[in-house]
Amino acid sequence: MKKRNAILLLCLCLAFFLPGCSEDDFTDEETGQFSSFSDITDQENVDSDIIGESDEQDALAAIDENGYCYSQLSSDEQIVYGQILSAVLNRTEVSVATLSDDLLDKVFNCVLYDHPELFYIDGYQYTTRTRDDEIVAISFHANYIYDEELTAQYNEQLETAISELIANAPVDGSDYDKVRYVFDTLIINTDYVMNCRDNQNVLSVFLFHQSVCNGYAKATQLLLNRLGVESVVVNGSADGESHAWNLVKADGAWYYLDTTWGDSDFKDSRYQDANPVNYDYFMVDSATLNQTHVAQNPVALPECVAKDCNYYIHENLYISGLDPEQLQSVFDRGYESGEQTVRFKCANDAVYNDIFRYLVDEQHAFDYLDAEDSITYAVDDISNTFCFWLFN
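Read on for an overview of the structure. (Residues numbered from 1 in each chain as written. Predicted model: local features only at pLDDT ≥ 70, side-chain atom pairs only at ≥ 80, totals over all residues. Heavy atoms only, no water.)

Turning next to helix 5 (residues 101-114). Here helix 5 contains 14 residues, and its C-alpha end-to-end distance of 20 Å stays within 8% of the 20 Å for a straight helix at 1.5 Å per residue. For helix 5, the complete set of buried residues consists of Leu104, Val107, Phe108, Asn109, Cys110, Val111, Leu112, Tyr113 and Asp114. By the N-cap criterion, in which a side-chain oxygen at the helix start approaches the backbone nitrogen of a residue two or three places on, helix 5 is capped by Ser100, the distance to Asp102 being 3.4 Å. (Helix = DSSP H or I, 4+ residues; strand = E, 2+ residues; numbered from the N terminus. Expected span 1.5 Å × (residues − 1). Buried < 20%, exposed > 50% of the residue type's maximum accessible area, 1.4 Å probe, protein only. Polar contact = N/O pair within 3.5 Å; in protein donor to acceptor, adjacent residues only side chain to side chain.)

The subject of this paragraph is the nonpolar core. Counting residues in hydrophobic clusters, the biggest one holds 103 residues, and the most contacted among them are Ile84, Phe140, Phe206, Phe344 and Leu359. Aside from chain neighbours lying at most four places away, what touches Leu359 is Leu327, Phe344, His364, Ala365, Tyr368 and Phe388. (Core = buried A, V, L, I, M, F, W, Y, C linked by side-chain atoms within 4.5 Å. Contact = heavy atoms within 4.5 Å.)

On to the packing of aromatic side chains. Tallying each qualifying case throughout the model produces 30 aromatic pairs. Between Tyr279 and Tyr311, the aromatic rings sit 3.9 Å apart at their centres with planes inclined by 10°, giving stacked as the arrangement. Of this pair, Tyr279 sits in the loop between strand 10 (253-257) and helix 10 (286-289) while Tyr311 is found in helix 11 (residues 311-314), placing the two residues 32 residues apart along the sequence. Assigned by exposure class, Tyr279 and Tyr311 land together as buried. Put simply, the rings of Phe331, Phe344, Tyr352, Phe356, Tyr358, Tyr368, Tyr377, Phe386 and Phe388 pair up and form one aromatic cluster. Above the plane of the ring of Tyr144 lies Arg91, whose end atom (NZ or CZ) is 4.2 Å from the centre. (Phe/Tyr/Trp six-rings, centres within 6.5 Å; stacked < 30°, edge-to-face > 60°. Lys NZ or Arg CZ within 6 Å of the ring centre and 35° of its normal.)

The analysis is restricted to geometry; functional conclusions fall outside its scope.
Here's what the structure looks like:
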């Protein structure tokens, strides 16, 4: 199972007791316009940066109002979203427009889900200010993996790598073509390696070409967004273990896409060279995904019901019944295109069982394959898919 390491959210909650605050002080604190506070640990006075009007405008410009998580927030939560994003981009501390640490955590995660380019963020800290044991203000600042100079250097390298990939992308193609390009390209150029550097962000994929599921999912989102295809990372579990994948909008409909599970060495690395890409979880509906995946995102996700952009349906590799002529066409196209393998999906369990009995138990696979003594194949009885190697 390919796991992801969960993003660490370091929440440092420091309570500040301010007996005898004037009403004016209370109002300033409530609206976030306080200039200093006392740290109860070392009792030093620390200046709190106030985000200015120009910084707020920069953050508003950076907000993609089509970002999925942002669009799912209430108007009050969207204000906090803008404040957090501004603080992150300007590396400042901000008093946020909420007194709820739960809401702060939710919105912070929404910012990260919408902005995979924020590779240099590793959680956050917040401090609370209280009056008469009641919270009157919360301030936020992000934790950074890299300083500004190194962040700028990596940003430059990142943009160069992305530009090279986009230069080869079907920018005038359909949404399906773009998603297929991103899916195939990232899988072929990335190795799944646990404990590799920056494996929770996009640098691992675009610069170092080694990652885990969170890196795959964020890189998929970033590249798709650059190509004009809306996408967002989905975190949760798959087969009972932590995992990350994507929600993608293509041709006006939502689908799920799991780039990590598209790596064929997920099941068996022996098949990686001959069959590097597995399409079983390429643009699938909710019913298919829910057999193995459980989402735990901070906002509601849509019910995906469309099928047109599913790989097997789009490529005419969807088998609705035992039809020897259709199977012959599938295998012939594989040979004609020079593919190493041929893959197809059955409509349901009954069709899958019929095909398995026909091709494997009764050995009719030899009727379609250029093989005399043995064949190599892989099956998945959850996704109802078959994969046959055309050249042994």
